[in-house]
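Close look at the chain arrangement
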Amino acid sequence: KETRSGVAVYQPGRDEVHLRQLALMGDLRQSVARRELSLKFQPKVDLASRQVRHVEALLRWQHPTLGAVPPDEFIPLAERSGFVHELTRFVLEEALRQNAAWRAEGLDLGVAINLSAMDLMDADLPDFIHDCQRRHKVPPAKIILEVTEGALMRDVDYAVRMLHRLRAGGIRLSIDDFGTGYSSLAQLKRMPVDELKIDKSFVMQMTEGSDDAVIVRSTIELGHNMGLSVIAEGVESDSSLALLTQYRCDMVQGYLFSPPLAGAELYAWCQRFAGAEA
Ligand code: C2E
Ligand code: MG
Ligand code: MG
Ligand code: MG
């Protein structure tokens, strides 16, 4: 592609992108057996108590030749190929196994797991989750399922029924990437959820008086008026933290506190964090 200055910029062609996608789809099927997948965990910090009560599990794929492939690239491929159901089961097993291990070390954390839009169509998933929870002996209230606003809006009636099944037994539900999915207030009111998670696109660059700050502030008020806990993701700066504190946001998550960490690193991080905040 030629830019105005006449310098040629490399842009992968459509065929090239398509070939990479096909290759990745095939390789992904092997990734579980080849142990190329792992989870990282990012702390969610409670603003009032300055404590970490939950972490979000984020899937990582180390491809043997391509290196790290980001989830924003491979999750959509897994959805298209139907493999996402197996991936989600892997993530649930691994996240709850890790949670039980922290518990044994005296670290009482909740763990949030991302579900994809396709997972909502998986009628066997609620039973799998409840079984997984019992096997790992993780209290249901310590499990949070994050579903994107967009996924919930594909078929609202179906989504509401599925959410009721998922939360049976006391599992908690969160609407992820809130603000990007075009839900109406009437639809939102029907969702049996516990938490709103404000999308990082509004949080990352919010400054006093900006449109983003106005959106964030009214989303927090909306969530609170509906009796929900509100968390902001993508908190990178002290200035966004100050605004979120002023707006009474319940929890924050972002690079300002910590990037996603390996399970074994989290225990030390939590102790350091508790020490620094004391
Ligand atoms: P998400 O669930 O909205 O997760 C938040 C993303 O923001 C994560 O990217 C996280 O690493 C990143 N992040 C956290 N703090 C900051 C920050 O301060 N600044 C910026 N710029 N980014 C921050 P990640 O890990 O690359 O995941 C991207 C998306 O992939 C996730 O968005 C989620 O939709 C999906 N994903 C990740 N793991 C899983 C999984 O196990 N299952 C499913 N279905 N989707 C997953
Ligand atoms: Mg999430
Ligand atoms: Mg999100
Ligand atoms: Mg996202």
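As named in an unreviewed UniProt entry, the chain is Phosphodiesterase, taken from Arenimonas metalli CF5-1.

When helices and strands are counted, the chain shows 11 helices and 10 strands. Seen through its C-alpha atoms, the chain measures out along the principal axes to roughly 50 × 50 × 45 Å. Residues counted as buried form 47% of the 278 residues belonging to the chain. Taking the contacts inside the chain whose residues are at least 6 apart along the sequence as the reference set, 67% of them involve residues at least 24 apart. When the accessible area of the chain is evaluated, it comes to approximately 13900 Å², of which 51% is carbon and sulfur surface.

To continue, consider the site of ligand 1. As a matter of local geometry, ligand 1 sits amid 23 residues, with Arg-60, Asn-114, Asp-176, Glu-236 and Tyr-255 nearest to it. One of the backbone N or O atoms of Leu-59 is found 3.1 Å from a nitrogen atom in ligand 1. Within the side chain of Asp-176, a nitrogen or oxygen atom sits 2.9 Å from an oxygen atom of ligand 1. Starting from 800 Å² of accessible surface for ligand 1 in isolation, the protein chains cover 89%. If you list the elements that add at least two residues to the shell around ligand 1, you get β2 (51-63), α2 (71-81), β4 (110-115) and β6 (172-178).

Another aspect to go through is the coordination of the magnesium ion (ligand 3). Here the magnesium ion (ligand 3) is held by the protein donor atoms Asp-176 (OD), Asp-177 (OD), Glu-233 (OE) and Glu-233 (OE), which lie 2.0 to 2.4 Å from it. Counting gaps between the donor residues of the magnesium ion (ligand 3) yields the pattern D-D-x55-E. Distance-wise, the magnesium ion (ligand 2) is placed 4.1 Å from the magnesium ion (ligand 3), both being coordinated by Asp-176. Here Glu-233 lies in strand β8 (residues 229-233) and Asp-177 lies in strand β6, a separation of 56 residues in the sequence.

With that settled, the discussion passes to the pattern of salt bridges. Within this structure, the stated rule accounts for 16 salt bridges. The partner of Glu-146 in a salt bridge is Lys-44, and the shortest N-O contact between them spans 3.2 Å. Taken together, the residues Glu-146 in strand β5 (residues 143-148) and Lys-44 in strand β1 (residues 37-46) connect sequence positions 102 residues apart. Both residues of the pair, Glu-146 and Lys-44, count as buried. Residue Arg-50 pairs with Glu-277 through a salt bridge whose shortest N-O separation is 3.8 Å.

So, about the packing of aromatic side chains. Under the defined criterion, the tally for this structure stands at 4 aromatic pairs. For the ring pair Trp-61 and Phe-74, a centre distance of 5.6 Å and an interplane angle of 85° mean the geometry is edge-to-face. Placement of Trp-61 in strand β2 and of Phe-74 in helix α2 is noted, with a sequence separation of 13 residues between them. A relative accessible area of 2% means that Trp-61 is categorised as buried.

Counted according to the given criterion, the structure contains 0 disulfides. The cysteine Cys-249 is free of any disulfide, with Cys-270 supplying the nearest cysteine sulfur at 19 Å. Residue Cys-249 is classed as buried on the basis of its relative accessible area, which comes to 5%.

Looking at the secondary structure, you find His-63 in strand β2. Looking at His-63, its side chain comes within polar contact range of the side chain of Asp-27, at 2.7 Å. Beyond its immediate chain neighbours, meaning those up to four positions away, His-63 contacts Leu-24, Asp-27 and Val-69.

Here we come to the environment of Arg-134. Relative to the elements of secondary structure, Arg-134 occurs in helix α4 (residues 125-136). The class for Arg-134 is exposed, based on a relative accessible area of 55%. Along the chain, Arg-134 and Leu-96 lie 38 residues apart, while their C-alpha atoms are 9.9 Å from each other.

As a further point, take the packing of helix α3 (residues 84-104) against α4. At a minimum axis separation of 9 Å, α3 and α4 run at an interaxial angle of 25°. Of the possible angle classes, the one that applies to α3 and α4 is roughly parallel. The two elements α3 and α4 cross, and the hand of that crossing is right-handed. Residues Thr-88, Arg-89, Leu-92, Glu-93, Leu-96, Arg-97 and Ala-100 of α3 form the contact with α4, whose participating residues are Leu-125, Phe-128, Ile-129, Cys-132, Gln-133, Arg-135 and His-136.

Moving on to the pairing of β6. With respect to burial, β6 is a largely interior element, 5 of its 7 residues being buried. Sheet topology note: the β5/β6 ladder contains 5 bridges and is parallel. Its bridge partner being in β6, Ile-144 is matched across the sheet by Arg-172. Across 3 bridges, the pairing between β6 and strand β7 (residues 195-198) is parallel. Considered in β7, the bridge of Phe-178 is made with Ile-198.

Criteria and thresholds
- Residues numbered from 1 in each chain as written.
- Chains lettered and ligands numbered in written order.
- Predicted model: local features only at pLDDT ≥ 70, side-chain atom pairs only at ≥ 80, totals over all residues.
- Heavy atoms only, no water.
- Helix = DSSP H or I, 4+ residues; strand = E, 2+ residues; numbered from the N terminus.
- Buried < 20%, exposed > 50% of the residue type's maximum accessible area, 1.4 Å probe, protein only.
- Contact = heavy atoms within 4.5 Å.
- Areas by Shrake-Rupley, 256 points an atom, 1.4 Å probe, with all protein chains shown as cover.
- Near = heavy atom within 4 Å.
- Polar contact = N/O pair within 3.5 Å; in protein donor to acceptor, adjacent residues only side chain to side chain.
- Donors = N, O, S within 2.8 Å, 3.2 Å for Na, K, Ca; no water.
- Salt bridge = Lys/Arg side-chain N within 4 Å of Asp/Glu carboxyl O.
- Phe/Tyr/Trp six-rings, centres within 6.5 Å; stacked < 30°, edge-to-face > 60°.
- Disulfide = S-S within 2.5 Å.
- Axes fitted to C-alpha atoms, helices over the stretch in contact; angles between N-to-C directions.
- Parallel < 35°, antiparallel > 145°, perpendicular 65-115°, else oblique.
- Left-handed = near helix turned anticlockwise from the far one by under 90°.
- Pairing = 2+ DSSP bridges.

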